[in-house]
Amino acid sequence: MEALLRQSKGVCPFLKKTAPSVLRTMSTTAHQSPGGGTISKLQHYARRCPVMNKGLAVQSAKINHARNYSKAATSSGIVKSLLEKKLHTTAEKKANVDTQMYRSEQRTPLAAQAKKTVKKPDVYAGPKPAAPAVPQFDYEAFYKNELDKKHKDKSYRYFNNINRLAKEFPRAHMATKDEQVTVWCSNDYLGMGRNKHVLKTMHETLDMYGAGAGGTRNISGHNQHAMALETTLADLHGKEAALVFSSCYVANDATLATLGSKLPDCVILSDSLNHASMIQGIRHSGAKKMVYKHNDLEDLENKLKTLDPSQPKIIAFESVYSMCGSVAPIEAVCDLADKYGAITFLDEVHAVGMYGPRGAGVAEHLDYDAWANPNRTPESQKGTVMDRIDIITGTLGKAYGCVGGYIAGSAKFVDAIRSLAPGFIFTTSLPPATMAGARTAIEYQARYQGDRRMQQIHTRELKDDLNSRGIPVIPNPSHIVPILVGDAELAKKASDMLLTDYNIYVQSINYPTVPRGEERLRITPTPGHFGELRADLVGALEGVWNRLNLKRIADWEAQGGFVGVGVQHAEPVMPLWTDAQLEHAAETPRVAADNATAAMVMPIAAAAA
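Position numbers for residues start from 1 in each chain and track the written sequence from start to end. Local features in this predicted model are restricted to residues of pLDDT 70 or higher, and side-chain atom pairs are both shown and tallied only at a pLDDT of 80 or more, whereas totals for entire chains, interfaces and linings draw on every residue. As a rule here, side-chain values come from all non-hydrogen atoms in the structure, and water together with hydrogens is ignored.

## Observations regarding the overall build of the chain
- Starting at the N terminus, helices and strands are each numbered in turn, a helix being any DSSP run of H or I of at least four residues and a strand any DSSP run of E of at least two. Check the secondary structure of the chain and you find 28 helices and 16 strands.
- For every residue, the accessible area (1.4 Å probe, protein chains only) is compared with the maximum for its type, and the residue is labelled buried under 20%, exposed over 50%, or partly exposed between those bounds. Burial status across the chain gives 45% buried among its 609 residues.
- When contacts within the chain are restricted to residue pairs at least 6 apart in sequence, long-range pairs at least 24 apart make up 69% of them. Throughout, a contact is declared for two residues whenever any of their heavy atoms are within 4.5 Å.

## A closer look at helix H14 (residues 297-305)
- Here H14 has its buried residues at Asp299, Leu300, Glu301, Lys303 and Leu304.
- Buried residues along H14 sit in contact with strand S7 (267-271), strand S8 (288-292), strand S9 (313-318) and helix H15 (330-340).
- Between the side-chain oxygen of the N-cap and the backbone nitrogen of Glu298 there are 3.1 Å, and the N-cap of H14 in question is Asp296. Under this definition, polar contacts are N or O atom pairs within 3.5 Å; protein pairs additionally need one hydrogen-donor-capable and one acceptor-capable atom, and for neighbouring residues in sequence, both atoms have to be side-chain atoms.

## Some points on empty space enclosed by the protein
- Cavities and pockets are found on a 1 Å grid laid over the protein atoms alone: a cavity is a set of points where a 1.4 Å probe fits but cannot escape, a pocket is an open set with protein on both sides within 12 Å along at least five of seven lines, and a lining residue has an atom within 4 Å of such a point. Grid points are joined across faces, edges and corners, and a volume is the space filled by probe spheres set on the points. For the structure shown, the criterion picks out three cavities of 30 Å³ or more.
- Roughly 100 Å³ of internal volume is contained in the largest cavity.
- Along the walls of the largest cavity sit Arg217, Val244, Phe245, Ser246, Val250, Gly423, Phe424, Thr427, Thr428, Ser429, Leu430 and Met435, which together make up its complete lining.
- Where the lining of the largest cavity is concerned, the elements lending two or more residues are strand S6 (241-245) and helix H21 (422-425).
- Partitioned by chemical class, the residues of the lining of the largest cavity number six nonpolar, five polar and one charged. Under the scheme applied here, ten amino acids are nonpolar (Ala, Val, Leu, Ile, Met, Phe, Trp, Tyr, Cys and Pro), four are charged (Asp, Glu, Lys and Arg), and all others, including Gly, are polar.

## What about the sheet that holds strand S15 (residues 508-509)?
- Pairing is antiparallel in the open sheet, where three strands are placed in the order S13-S16-S15. Edge positions in the sheet fall to strand S13 (481-484) and S15, since each has one partner strand and no second.
- Looking at chain direction, S13 and strand S16 (residues 520-523) are connected through four bridges and run antiparallel. Bridge assignment links Val481 to a residue of S16, and that residue is Ile523.
- Fitted lines through C-alpha atoms give the axes, limited to the stretch in contact for helices. The angle between two N-to-C directions lies from 0 to 180 degrees. Set on the sheet, helix H23 (residues 450-468) makes contact with S13 and S16; between it and S13 the angle comes to about 20°.
- Against the sheet, helix H24 (residues 488-502) engages S15 and S16, with an angle of about 45° to S16. Two strands make a pair as long as DSSP finds a minimum of two bridges between them.

## Focus on the confidence of the model for the chain
- The pLDDT value expresses, per residue, how confident the predictor is, ranging between 0 and 100. When pLDDT is averaged across the chain, the result is 88; 83% of the residues are at 70 or more.
- Across residues 69-76, confidence stays below pLDDT 50; counting only partners more than four residues off in sequence or on other chains, it has 13 contacts.

## Brief notes about the sheet that holds strand S11 (residues 391-395)
- Within the open sheet, the seven strands sit side by side as S6-S12-S11-S10-S9-S7-S8. Their pairing is mixed. Edge positions in the sheet fall to S6 and S8, since each of these pairs with one other strand and no more. Neighbour to neighbour, the strand axes of the sheet diverge by 20° on average, direction disregarded.
- Bridge count for S7 against S8 is five bridges, and the pairing is parallel. From the neighbouring strand, Asp271 faces S8, where its bridge partner is Tyr292.
- Most of the contacts of helix H11 (residues 224-236) go to S6, to which it runs at about 125°, and overall it touches S6 and strand S12 (405-409).
- Taken strand by strand, H14 contacts S7, S8 and S9, and its axis lies near 150° from that of S8.

## Overview of the pattern of salt bridges
- One speaks of a salt bridge when a side-chain nitrogen belonging to Lys or Arg is within 4 Å of a carboxyl oxygen belonging to Asp or Glu. Under the criterion given, the structure shown has 21 salt bridges.
- Taking the shortest distance from any N to any O, the salt bridge between Glu364 and Arg358 comes out at 2.8 Å. Just as Glu364 is buried, Arg358 falls in that class too.
- Bridged by salt links that share partners, the residues Asp235, Arg358 and Glu364 form one connected network.

## Details of the pairing of strand S10 (residues 343-347)
- In terms of burial, S10 is largely enclosed, as four of its five residues are buried.
- Summarising the sheet, S9 and S10 pair through five bridges and their orientation is parallel. Within S10, the residue paired with Glu318 across the bridge is Asp347.
- Call a crossover right-handed when, viewed with both strands pointing away from you, the route from the first strand across the helix to the second goes clockwise. Crossover connection from S9 via H15 to parallel S10: handedness right-handed.
- The pairing of S10 with S11 spans three bridges and is classified as parallel. Counted as the bridge partner of Leu346 is Ile392 from S11.

## Considerations on the side chain of Asp253
- Here Asp253 is to be found in helix H12 (residues 248-262).
- With sequence-adjacent residues up to four places away left out, Asp253 is seen in contact with Ser277, Gln280, Gly281 and His284.

## Side note on the nonpolar core
- Among the buried residues, those of types Ala, Val, Leu, Ile, Met, Phe, Trp, Tyr and Cys that are joined through side-chain atoms within 4.5 Å form a nonpolar core. Membership of the largest hydrophobic core comes to 65 residues, with the highest contact counts inside it found for Ile315, Phe317 and Ile330.
- Sort the elements by how many residues they give to this core and H15 lands first, with six residues.
- The residues contacting Ile330, other than those within four sequence positions of it, are Phe317, Ser319, Leu346, Val362, Ala363, Leu366, Val385 and Ile389.

## Structural notes on the environment of Val506
- Within the fold, Val506 resides in the loop between strand S14 (504-505) and S15.
- For the pair formed by Val506 and Ser495, sequence separation is eleven residues and the distance between their alpha carbons is 5.8 Å.
- Leaving out residues up to four positions away in the same chain, Val506 has contacts with Trp184, Cys185, Ser495, Leu498, Leu521, Arg522, Ile523 and Leu537.

## Quick look at the environment of Arg590
- When you line up the elements, Arg590 lands in helix H28 (residues 590-608).
- Contacts of Arg590, omitting those with residues within four sequence positions, involve Tyr444, Tyr448 and Asp451.

## Observations regarding the packing of aromatic side chains
- Only rings of Phe, Tyr and Trp enter the pairing, Trp through its six-membered ring, and a pair is recorded when the two centres are within 6.5 Å. The plane angle decides the type: under 30 degrees is stacked, over 60 is edge-to-face, the rest tilted. Scanning all chains against the criterion turns up eight aromatic pairs.
- Plain terms: the ring middles of Phe137 and Phe142 are 6.2 Å apart, the flat faces sit at 50° to each other, and that makes the pair tilted.
- By relative accessible area, which is 39% here, Phe142 ends up partly exposed.
- Counting every residue linked through ring pairs, the aromatic cluster contains Phe137, Tyr139, Phe142 and Tyr143.
- The cationic tip of Lys492 hangs over the ring face of Tyr158; the distance from NZ or CZ to the ring centre is 4.5 Å.
- Here, a charge over a ring is recorded when the distance from Lys NZ or Arg CZ to the ring centre is within 6 Å and its angle to the ring normal is within 35 degrees. Residue placement shows Arg516 over the ring face of Tyr511; its charged tip is 3.7 Å from the ring centre.

## A few points about helix H13 (residues 276-285)
- Residues of H13 that are buried include every one of Ser277, Met278, Gly281, Ile282 and Ser285, and no others. On an axial view of H13, the arc spanned by its buried residues comes to 135°, and they lie on one face.
- For H13, the elements touching its buried residues are H12, S7, S8, S9 and S10. In this description, the arc belongs to the directions extending from the helix axis to the C-beta atoms.

Here it is, written out as structure tokens:
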């Protein structure tokens, strides 16, 4: 029987998964037979098997009528034959027994015996029992609880109905056209969203090519507008290639996730104030992350020292940090990257269009004269800060007034992201009109510096006015004017009061955009915020600070200073734009840029006509 068991295990699922000790126990345990008498529990289970049921029937006939056999095959031989035929893998077959082997007067039909042993299907004919009363998850209660948390800590976000008016920039209306307000917090830093050349290009492209792109870049969404825009962006940043995404959030996420997951044993070193898109991309990459203190070169280098020189490393940081206005030490970060074998990933989202003689960002601005030279060559660009950056990302949705994001770098890098990044591959391409309009905006700002010059002048004047009244502007060298409040509820009240009582829209900035306790109002002057509008804003802020009894510079100084406000003996923070650069920016007249841009737009108009 042991030999039979070993042989049967190879083909019988029941025997294969049942321990021999269990089989022995079952063979000695009595079970009431349906036909009367007792059988072992093992026999009871065997009768359920289409193979063993037949074998048992033959075995039973042999035992009961052994004297009637002239040449009886042994039961083990019969079972072995059945197993060799692997009947359990084929359709059911009836047992075949030679009738001449039995005496006619005592012969019992084998089929009748087998019929008695066939077990009825294990199907319960009665009603099925009801499922146990287990409480299901309350999804709506979960949503409510999460929202209650946001309301409780005053970080719940309210959206205001702000409809910007292209012909009255920077004015907007709210629910009705009579409810007009002045917008002081838009990221359309230069007012390019209403630029006549951009609008003309978009109208004509829309009329000729329609509203949408028609699909992903791989499926009908690749067109002349995408190629022309990417060529313009690559030239803007002095790189071999560029790639356009639906937004810079997607560009950052997709690029960092792809690089971090593909580079073997990659480590990404991330500035502590990096944007959520970069943080998300690093998280999605699965790569090891090391966060260094904001703009702290010593901390960055200490972390680089701990890594193997041959290990792939990415230093990810921004040029202008939009909530505090600080500017990264880009050149020094490049030095550390060269020293420790890392590549640099620079987010210029809040800097493109705003800095540099052509609007390429802070990296270009750091070598202002080199890039302002109309006779520059690829050789003369070598070694500049922008040339040293490996990967530059930017947006078309802020200073350029449109929508979209992009990356720029070497041709092989860009092609790798194009081929590997799901965030690019599976996203519908930007509409042709959007890409054409963005290209016009970039070309216009590359020729004309008057808008960013005026924006810088308005920023300087506003910061001076606020500081003279003790309203706490967080010091920074950029175009951002962050006003410290330090309390989420008060920041929301200040924003609401400005809107309802003074018709001025300034959004409050709370957690998680900024850390708790550092809540603020974020103001962004534009070229259109002239003296009268600025005077209205300063007077309104003065009234709000008095009515809400908000802390002024002296109050923060009495507490020892906070996030740069009220810090005694602090070195003054100088603007990134120097006076000499502002004078140079005034040399190009608007009419020259208008004429040059109009000439570029003309082919589109002719084609549309």
